[in-house]
Amino acid sequence: MPIARTWSVALVGMDAHLVEVEVDVATGLPRFILTALSDRVLRNVEHRVHSAVNNSGETWPARKITVGLLPATVPKSGSRFDLPIALALLMAAEALPAGALDEWVVLGELSLTGAVKDITGVLPSLIGAYKAGRRKFMVPRTNYGEAKLITDAEVVGVGSLVEVCDWLRGEAPQPTTRDEEPVQSSDIVPDLADVIGQPAARRGIEVAAAGGHHMFLKGPPGVGKTMLAERLPALLPDLNTDEAMEVTAIHSVAGLLAPGRPLITRPPFCAPHHSASTPAIVGGGTGIAAPGAISLAHRGVLFLDEAPEFGPRSLDALRQPLESGEVTIQRSAAVAKYPCRFLLVLAANPCPCSAGGREPGQGCICSSPTRTRYLGRISGPLLDRVDITIELEPVSRAVLENGARGESTDMVRERVLAARDRAGHRLAGTPWRTVGEVPGPAVRRRWPVPRDVTRPLYRALDRGNLSTRALDRILKIAWTLADLGDLPRPGIDQVQEAHALRTGYDVATLRIPA
Ligand SMILES: Nc1ncnc2c1ncn2[C@@H]1O[C@H](COP(=O)(O)OP(=O)(O)O)[C@@H](O)[C@H]1O
Ligand SMILES: [Mg+2]
Ligand SMILES: [Zn+2]
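Enquirer: I'd love a proper account of a positive patch on the surface, names of residues and values included.
Expert: On the surface, Arg-451, Arg-455, Arg-459 and Arg-463 cluster together to form a positively charged patch. Residue position: Arg-455 is located in helix α19 (residues 451-462).

Enquirer: Mind laying out the coordination of the zinc ion (ligand 3), listing which residues take part and the relevant values?
Expert: Looking at the zinc ion (ligand 3), one finds its protein donor set to be Cys-351 (SG), Cys-353 (SG), Cys-364 (SG) and Cys-366 (SG), positioned 2.1 to 2.5 Å from the metal centre. The coordination sphere of the zinc ion (ligand 3) comprises four donor atoms, whose angles at the metal cover 100 to 115 degrees; the geometry is tetrahedral. Site description for the zinc ion (ligand 3): donor spacing in sequence, C-x1-C-x10-C-x1-C. The same class applies to Cys-351 as to Cys-353, namely buried.

Enquirer: Residues and numbers for the domain arrangement of the protein, please.
Expert: Here the domain parsing of the protein yields domain 1 (3-168) and domain 2 (192-429). Contacts between the two partners involve 15 residues from domain 1, matched on the other side by 19 residues from domain 2. In total, domain 1 and domain 2 occlude about 1,300 Å² of area from one another, counting both sides; carbon and sulfur atoms represent 78% of this. On the domain 1 side of the contact with domain 2, Gly-13, Met-14 and Leu-149 bury the most area, a combined 39% of that side's loss.

Enquirer: How would you sum up the site of ligand 1? Please name residues and give values.
Expert: Neighbouring ligand 1 are 13 residues; Ile-196, Gly-222, Lys-225, Thr-226 and Met-227 lie closest to it. Contacts to ligand 1 include Ile-196, whose backbone N or O atom sits 2.7 Å from a nitrogen atom. Within the backbone of Val-223, an N or O atom sits 3.2 Å from a nitrogen atom of ligand 1. For ligand 1, whose free accessible area comes to 560 Å², the fraction covered by protein is 66%.

Enquirer: Before we move on, could you go through the pattern of salt bridges and cite the residues and values that matter?
Expert: Where charged atoms of side chains with opposite charge meet at close range, the side chains can pair. Counted by the stated rule, this structure contains 26 salt bridges. In this structure, Asp-410 engages Arg-413 in a salt bridge whose closest nitrogen and oxygen atoms are separated by 2.6 Å. Of this pair, Asp-410 and Arg-413 both sit in helix α17 (residues 409-427), three residues apart, roughly one helical turn. Taking relative accessible area as the criterion, Arg-413 reaches 24% and is therefore assigned partly exposed. The residue Arg-422 makes a salt bridge to Asp-486 at a minimum N-O spacing of 3.0 Å. Note that Arg-422 is positioned in helix α17 and Asp-486 in the loop between α20 (468-484) and α21 (492-503), a separation of 64 residues in sequence. Linked by salt bridges that have partners in common, Arg-203, Glu-206, Glu-407, Arg-415 and Glu-497 make up one network.

Enquirer: For helix α3 (residues 82-92), give the residues involved together with the corresponding values.
Expert: Among the 11 residues that make up α3, 11 are buried, leaving the element largely enclosed by the rest of the structure. Every buried residue of α3 is accounted for by Asp-82, Leu-83, Pro-84, Ile-85, Ala-86, Leu-87, Ala-88, Leu-89, Leu-90, Met-91 and Ala-92. Just downstream of α3 lies Glu-94, where phi reads positive at about 65 degrees.

Cut-offs used in this document
Residues numbered from 1 in each chain as written. Chains lettered and ligands numbered in written order. Predicted model: local features only at pLDDT ≥ 70, side-chain atom pairs only at ≥ 80, totals over all residues. Heavy atoms only, no water. Patch = residues over 30% accessible without salt bridge, like charges linked within 9 Å, V, L, I, M, F, W, Y side chains within 5 Å. Areas by Shrake-Rupley, 256 points an atom, 1.4 Å probe, with all protein chains shown as cover. Salt bridge = Lys/Arg side-chain N within 4 Å of Asp/Glu carboxyl O. Lys, Arg positive; Asp, Glu negative; His and termini not counted. Charge placed at Lys NZ, Arg CZ, Asp CG, Glu CD. Helix = DSSP H or I, 4+ residues; strand = E, 2+ residues; numbered from the N terminus. Donors = N, O, S within 2.8 Å, 3.2 Å for Na, K, Ca; no water. Tetrahedral: all angles 85-135°; square planar, octahedral: opposite > 155°, others 65-115°. Buried < 20%, exposed > 50% of the residue type's maximum accessible area, 1.4 Å probe, protein only. Domains from an automatic or database assignment. Contact = heavy atoms within 4.5 Å. Buried area = accessible area lost by both parts, 1.4 Å probe. Near = heavy atom within 4 Å. Polar contact = N/O pair within 3.5 Å; in protein donor to acceptor, adjacent residues only side chain to side chain.

Take a look at the structure:
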């Protein structure tokens, strides 16, 4: 009997590798040999394929079956090769016409009954196959919407092995899948108008959104820290086409796409709980590492609520990804890479007791060293990446009851988009797109600010009240404030306000300690 082949795709992190599936059915004692670098799920492929073939009315060849997945050096995992292996096997057994799938790339898990089940990572797999010149894709019907995001390709969604066999034998037409009605987004996006008071924090998230600055919200429980963080993504611009595909591809690998609305066009929000494991946060797991929260937040917002409660290992593991916008996860099976360029928002109560940091005497039982140690859990190197720190105070009863609503998300977003536009023009031709991405020293050197504007900063620097790094951060925020105010460059007012946003002083005072 001849050797038959089909094509599929192995996914290592976000990297797709075209795989040739070879099946040899030869005389010899009936056995099934898989020659591939594989994980546990893939090693059990025989059981799934055997049952699926039998339960689809096909005959399992009682011979020596050898399955090869090439190139052999690429690690392979999961159940995505079930369908291509079953089809190559039936071709090798001459139950299906040879060569019928030479132009197709096939992906799909088989249930024991022969149904084709959805898999993760379809979009990045097909993007890779497309780049390798492939234009015909067979995928599980439940992944059809996602696969169709590749325009300019022929996509067939299949529901069962029977359906595919009937088609390939010419006994039924090529399976079709109706385009699903695009599901209207029904998510209620929380609005900034709901946040009462907190002018400093409202200003802070506007600046964070405009410049892409990481921020830290400090304050007792119930003052609106979580409310504010959740309202940050809605202030950011839509993802462009490339970003949307990249973000969708990451969520595809994680198996998190909404079936009726696969393409993600808005910046995501990801808020892992502090009890989450380090692999859940930065990526990992058995076999080939899966993306973690930092990658699910790619091009959006990563919110670490109660940041001091996160394990030191997790917080430490954020440093390198924050620096490079990419995370590399080494496992014995393979090295996986995922993008992770996110806006970081940290929130913390000032102390660990349930009074949550109201002044000692107001129910807080923590000593001063306890309070210092608590916030100290967030390491210096991590805080060094944070441009904006806001200290929130409880909103007074009078203000709450008066209930005056603040500006809405739409109003603030308009200013944010205009500011991003201005920054975009200034940054054209550089590797950076937002002020937040620009390294501090580069801001100082490339876009100098008049001496009389920066004089108070340099005076504070000379007296040891300010570090060079802090000075650079203040200048960055000052530039974003200038962008928000439609000014050609920051003036004294912007530097003053930037200092307040940097250090957590109340914006109202705006004083740099001399
Ligand atoms: N500034 C505020 N404006 C309106 N509601 C608020 C404000 N602060 C707190 N709340 C109310 O208190 C609840 C808890 O707020 P939350 O943002 O979770 O506080 P925190 O994260 O600071 O503990 C909110 O769901 C909201 O109902
Ligand atoms: Mg909270
Ligand atoms: Zn306390």
